[in-house]
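# Observations on chain architecture
Spelled out from the first residue to the last, the chains are:
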Amino acid sequence: MNPAKPPRTPGTRTSAGPPARSAQTATLAEIAREAGVSAPTVSKVLNGRADVAPGTRTRVEALLRSYGYRRRRAEATRSPLIDLVFHELESAWAMEVIRGVENVARDEGLSVVLSESAGRLTPGRTWADQVAARRPHGVVLVLSGLDESGQALLTSRSIPFVVMDPAGDPGDDVPSVGATNWHGGLAATRHLVELGHTRIGAISGPTRMMCSRARVDGYRAALETAGLPSDPALIRPGTFHHDSGYRAGLELLRLPDRPTAVFAGNDLQALGLYEAARELGLRIPGDLSVVGFDDLPVARWVGPPLTTVRQPLTEMAEAAARLVLQLGREERPPSATRVELATSLVVRSSTGAPPA
């Protein structure tokens, strides 16, 4: 005798074992009672409707997951797009990322939609609604993240997302792609120590960004390993922009006992430091050694060519785009993934032995 068929719902049940909370089939009405909402509201969440309050959506999504409900694959209804979101879209750094996502999108027959969150590390609800309406194959967020309501909205529409170079801790349930920032800061500073420098300054990026803190932590670790003190007076905060490198550079180079070398948190700040050194009549590398971070194309063109830590931006962007497409194609997406690509020191002409 065949077992009775479960009630039909807009979702499908997984067949890989019982759900986390109950071994019995739960109807939408039962889930609605447990969530304290109506059955039509549960149906809206399951079908990706936008007209549900964020708190309600989060509560219902959690129950649907716990009972093993999964939406049917929506790949056929998706637009041929990848959404690429920057918190700021104004530098050569962004161009390297765009190139990487475009490489993958082109191979997959997809287009890329660019948007900017105007300096905010979390895009607003209006942006999330627009993405949900576009129904792209996936979203790549660069130095950004999603708040709980944004995550719930994209999840309800079966739109996967990946964070590249996350500003903070993205959480265990958010796939992300980054670089070995700590090791990069260590390698940059160790290079200067091996050249004989003992007073080494640093210009960090924004303290709210995890990559910035990791680079400075690597800088401190290299000094401590070499038996050199980490002098707080030699560390200046920056914004990852050229003008902050210039301002912080002037502060460091005007100190009575100025550093003979500086590790800048990125290449743009290193170029600002170049300008500060020229203004003060200091030669690079004769009077001052400089190391950047990123290895943007401009690092090879400036005079002297910049020693820097190569962050594989294009490869990171390609990895993020491939990951978000993989997540969208899996019947059962893999658990949250944290990918870190290796950084490497590129020695050019901006570093040398300290002045006598």
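Please refer to the structure placed before this passage.
Residues numbered from 1 in each chain as written. Predicted model: local features only at pLDDT ≥ 70, side-chain atom pairs only at ≥ 80, totals over all residues. Heavy atoms only, no water.

A separate point is the side chain of Arg 215. Within the element layout of this structure, Arg 215 appears in helix α8 (residues 210-225). The side chain of Arg 215 sits in the buried core without any salt bridge; Asp 294 is the nearest counter-charge, 4.3 Å away. Within the structure, Arg 215 has its side chain in polar contact with the backbone oxygen of Gly 265 (distance 2.8 Å). Those residues within four positions of Arg 215 in sequence are excluded, and the remaining contacts are Asn 181, Gly 185, Phe 240, Phe 263, Gly 265, Asn 266, Phe 293, Asp 294 and Gln 311. (Helix = DSSP H or I, 4+ residues; strand = E, 2+ residues; numbered from the N terminus. Buried < 20%, exposed > 50% of the residue type's maximum accessible area, 1.4 Å probe, protein only. Lys, Arg positive; Asp, Glu negative; His and termini not counted. Salt bridge = Lys/Arg side-chain N within 4 Å of Asp/Glu carboxyl O. Polar contact = N/O pair within 3.5 Å; in protein donor to acceptor, adjacent residues only side chain to side chain. Contact = heavy atoms within 4.5 Å.)

With 12 residues, helix α9 (residues 242-253) should cover 16 Å at 1.5 Å per step; its first-to-last C-alpha distance of 16 Å lies within 8% of that length. Turning to α9, its buried residues number three or more, namely Ser 244, Gly 245, Ala 248, Gly 249, Leu 250, Leu 252 and Leu 253. Residues of α9 that are buried make contact with β8 (200-203), β9 (235-236), β10 (261-264) and α10 (267-279). (Expected span 1.5 Å × (residues − 1).)

Packing of helix α2 (residues 39-46) against helix α3 (residues 54-66) leaves a shortest axis separation of 10 Å and a crossing angle of 80°. Relative to α3, α2 is oriented roughly perpendicular. Residue-level inspection shows Thr 41, Val 42, Val 45 and Leu 46 of α2 in contact with α3, the latter providing Thr 56, Arg 57, Val 60, Glu 61 and Leu 64. (Axes fitted to C-alpha atoms, helices over the stretch in contact; angles between N-to-C directions. Parallel < 35°, antiparallel > 145°, perpendicular 65-115°, else oblique.)

Here 6 strands make up an open sheet; going across it, the order is β9-β8-β10-β11-β12-β14 and the pairing mixed. Where the open sheet ends on each side, the last strands, each with one partner, are β9 and β14 (344-346). One ladder, built from 2 bridges, connects β8 with β9; its direction is parallel. Each residue of the ladder has a partner; that of Ala 202, found in β9, is Ile 235. The sheet contacts of helix α7 (residues 181-194) involve β8, β10, β11 (289-294), β12 (307-310) and β14, and relative to β11 the element is tilted by about 165°. Where α8 meets the sheet, it contacts β8, β9, β10 and β11, and its direction lies at approximately 170° from that of β8. (Pairing = 2+ DSSP bridges.)

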